[in-house]
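# Overview (structure and organization)
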Amino acid sequence: MRKLFLLFLRNGGLLAFGLLEVISLFLVVQFNPDQEKIFFNSLNNWVAGTDAISQNTLDYLQLDTYADSLARANAQMLEKLDNALFIHQIEEDSIKRTDWEQQYVLTSAKIVDKTVSRKNNFFILNRGERHGIKRNSGVITEKGVIGVVVDVSKDYAQVMTVLHQQSRLSVALRRTGDFGALVWDGDDDRYVSLVDVPKHVQPVEGDTIQTSGFSQMFPEGVMLGKIEEFDIEPGSNFYDIKVRLSEDMRTVKYGYVVDNLKRAQIDSLKAGLGE
Amino acid sequence: MNSITITNSIRFIGLVLLQGLLLKRMEFGGAFFEYIHVLIYPLFIILLPLRSPTTLVISVSFLLGLSVDLFYWSIGVHAAAATATAFMRQGLLAVLQPRGGYNLLFSPTRMRMGTPWFLRYASIVMLFHLFYYFSVEAFTFVYIKDIVLDTMVSFVFSMLALMMYVSIFDPVE
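Residues numbered from 1 in each chain as written. Chains lettered and ligands numbered in written order. Predicted model: local features only at pLDDT ≥ 70, side-chain atom pairs only at ≥ 80, totals over all residues.

## Structural notes on the overall build of chain B
Applied cut-off: Numbering of helices and strands runs from the N terminus; a helix is a DSSP stretch of H or I covering at least four residues, while a strand is a stretch of E covering at least two. We call a residue exposed when 12 or fewer other C-beta atoms sit within 10 Å of its C-beta, buried when the count reaches 20 or more, and partly exposed for counts in between; the C-beta positions come from the backbone. Any two residues are considered in contact once their C-beta atoms, placed from the backbone, lie within 7 Å.
Within chain B one finds 7 helices and 0 strands. What you see in chain B, going N to C, is helices and strands ordered as α-α-α-α-α-α-α. Looking at chain B as a whole, 38% of its 173 residues qualify as buried. Here the contacts in chain B between residues at least 6 apart in sequence split such that 72% fall between residues at least 24 apart.

## Observations concerning the pairing of strand β3 (residues 104-114) of chain A
Put simply, side chains in a regular strand alternate between the two faces of the sheet. All names here are of chain A. Here is the rule we go by: Two strands qualify as a pair provided DSSP detects at least 2 bridges between them.
Pairing geometry for β3 and strand β14 (residues 254-260), over 7 bridges, is antiparallel. If you follow Y104 over to β14, its bridge partner there is N260. As paired elements, β3 and strand β4 (residues 122-125) share 3 bridges and run antiparallel to each other. Bridge pairing links D113 to I124 in β4.

## Comments concerning the packing of helix α4 (residues 77-96) of chain B against helix α6 (residues 115-138) of chain B
Residue and element names in this part refer to chain B. As a reminder, the rule being used: Angles run from 0 to 180 degrees between N-to-C directions of axes, and those axes are lines fitted to C-alpha atoms, restricted for helices to the stretch in contact. Here is the rule for angles: anything less than 35 degrees is roughly parallel, anything more than 145 is roughly antiparallel, 65 through 115 is roughly perpendicular, and the remaining ranges are oblique. By definition, turning the near helix anticlockwise from the far helix through less than a right angle yields a left-handed crossing, and turning it clockwise yields a right-handed one. In this count, Pro and Cys sit with the nonpolar residues alongside Ala, Val, Leu, Ile, Met, Phe, Trp and Tyr, while Asp, Glu, Lys and Arg are called charged and the others, Gly among them, polar.
Between α4 and α6, the least distance of the axes is 9 Å, while the angle of their chain directions is 150°. On the basis of the axis angle, α4 is roughly antiparallel to α6. As for the relative orientation of α4 and α6, their crossing is right-handed in sense. Contact with α4, carried on its side by V77, H78, A80, A81, A84, T85, M88, R89, L92 and L96, involves Y121, I124, V125, F128, H129, Y132, Y133, V136 and E137 of α6 and no other residues of that element. Looking at side-chain class alone, the contact of α4 with α6 contains 14 nonpolar, 3 polar and 2 charged residues.

## Digging into the interface of chain A and chain B
Counting residues at the interface gives 15 residues for chain A, matched by 18 residues for chain B. Elements with a minimum of two residues in the side of chain A that touches chain B: α1 (2-31) and α2 (33-61) of chain A. Tallying contributions element by element places α1(A) first for the side of chain A that touches chain B, with 11 residues. Residue composition of the side of chain A that touches chain B, grouped by class: 9 nonpolar, 5 polar and 1 charged.

## Some words on α2(A)
What counts, and what does not: The length a helix should cover is 1.5 Å for every residue beyond the first.
In this model α2(A) runs 42 Å from its N-terminal to its C-terminal C-alpha over 29 residues, within 8% of the 42 Å that 1.5 Å per residue would give. Counting buried positions over the 29 residues of α2(A) gives 1, only a small fraction of the element.

## Describing the sheet that holds β4(A)
Residues and elements named next belong to chain A. Judged by pairing direction, the barrel is antiparallel, and its 6 strands sit side by side in the order β3-β4-β7-β6-β5-β14 before closing back on the first. Across the sheet, the mean angle from the axis of one strand to that of its neighbour is 45°, orientation sign disregarded. Lying on the sheet, helix α3 (residues 63-79) is in contact with β3 and β14; it crosses β3 at an angle near 145°.

## Focus on the pairing of strand β9 (residues 179-183) of chain A
Residues and elements named next belong to chain A. Covered by surrounding structure in β9 are G180 and L182 only, the residues F179, A181 and V183 on the alternate face being uncovered. Two strands pair when backbone bridges link them, and strand β8 (residues 169-173) and β9 are joined in this way by 4 bridges, in the antiparallel orientation. Its bridge partner lying in β9, S170 is registered against A181. Bridge analysis of β9 against strand β10 (residues 191-195) gives 3 bridges, and the strand direction is antiparallel. Residue L182 lies in a different strand from β10, and its bridge partner there is L194.

## Describing the nonpolar core
The following threshold applies: To form a nonpolar core, buried Ala, Val, Leu, Ile, Met, Phe, Trp, Tyr and Cys residues must be joined through C-beta atoms within 7 Å.
Y41(B), L43(B), I58(B), A81(B) and V136(B) are the most contacted members of the largest nonpolar core, which has 44 residues in total. Top contributing element to this core by residue count: α6(B), with 9 residues. Those residues in contact with Y41(B) that lie beyond four places of it in its chain are L15(B), V16(B), Q19(B), L64(B) and V68(B). Counting residues in each nonpolar core, the second largest holds 43 residues, with L106(A), A157(A), L194(A) and M249(A) among its members.

## Examining the environment of A81(B)
Residues and elements named next belong to chain B. Of note, A81 is situated in helix α4. Residue classification places A81 among the buried positions, given that 28 C-beta atoms sit within 10 Å. A sequence separation of 50 residues divides A81 from F131, and the C-alpha atoms of the two residues are 8.6 Å apart.

## Quick word on unusual backbone geometry
Residues and elements named next belong to chain A. Phi angles above zero are rare outside glycine, and N136 is one such case at about 65°. Here N136 shows up in the loop between β4 and β5 (138-140). One non-glycine residue with positive phi stands out, namely D196, at about 65°. Structurally, the position occupied by D196 is in the loop between β10 and β11 (208-211). The class of D196 is partly exposed, set by 17 C-beta atoms lying within 10 Å.

Coordinates in, geometry out; function isn't part of it.
Following this line, the structure appears as structure tokens:
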């Protein structure tokens, strides 16, 4: 009790000031309409501001869910593009009959694990057998190509990315239509090399490189990157082309696994040829 | 009741009436004159005896502000400013303490402390009080330009009134 008294004596000024100041301001708000309005407006603003912050935080925490549903919606839309369809177009008595059939089916997937800085880089997707993912399916994004599924478990799929020294994708120059193969030298994760483009082709810096559609893993015309620079060694018959990837492999979070519904037919035909 | 208490009680009533009945009516219109508000009642806080306990100074100042508020129909505004000014006065006195300390029997008057010291002390208290008062009156710093203008202009005229009061009555305590 004595201590409490001493405390009050020592800090009495501050306590009295605090108490009377609060009473005064309370009276101000209570009895003066102008100040009352300002006070309650500010209070409202403050509450609304706090509310917005908490709402933003909640929204942010739910971003994953939104991103998942957006990726699904994107997959559905990409499936509707021309290059994902098998076109039955038959000319009969000068009547054109066009029939569209789905050829490529896309499954959206989240990248749950990745490496980019090694010599051979793999991604892990959170889609597996249960979701209908098959081996040797291509993986793309809206911006470019990620790689090819090499292994599938029940819930996950392993993707050999384009940043893998064994990776070799069949690509084409969009402008000229010439083919080549895309490989990686294991150095810079932003650049890949385009090889097997013959001498007579005339590439230009900035030319778009896209999938050729011959591998049966990707629809035709999916963008991969742009030509950064090129040269041809004396005596060589093929260009040495440096391609800047259009997708940033370090930051990419979502992809679409491409399933080619017609693939079995082509594969069996090829097997027949081989025999 | 000793004489100092009586002196201060009379000063309390006198300053409240002077402020509430006379100076309150000295409000002007026009571009520059609208900023003139003469406040003299902080003089009561300025002149309270040096030995008054902080709690008492603050409580009495609160009552002073509230009394002025009754005349101004602005319950709480002057009280808030006076309370803060009283609290600030106690700290200011500690800062302005002359070498050798105060004679605790005195009040901080011009007669006791000398004109330069008193002028400095009174202007700081007055400036603080005016700024605090106009801030609470506006109740938002959106109009900080008006608050500062009000404070500057009113400071000049309030100090004039204060010095007139001091030279007429020249209080010792």
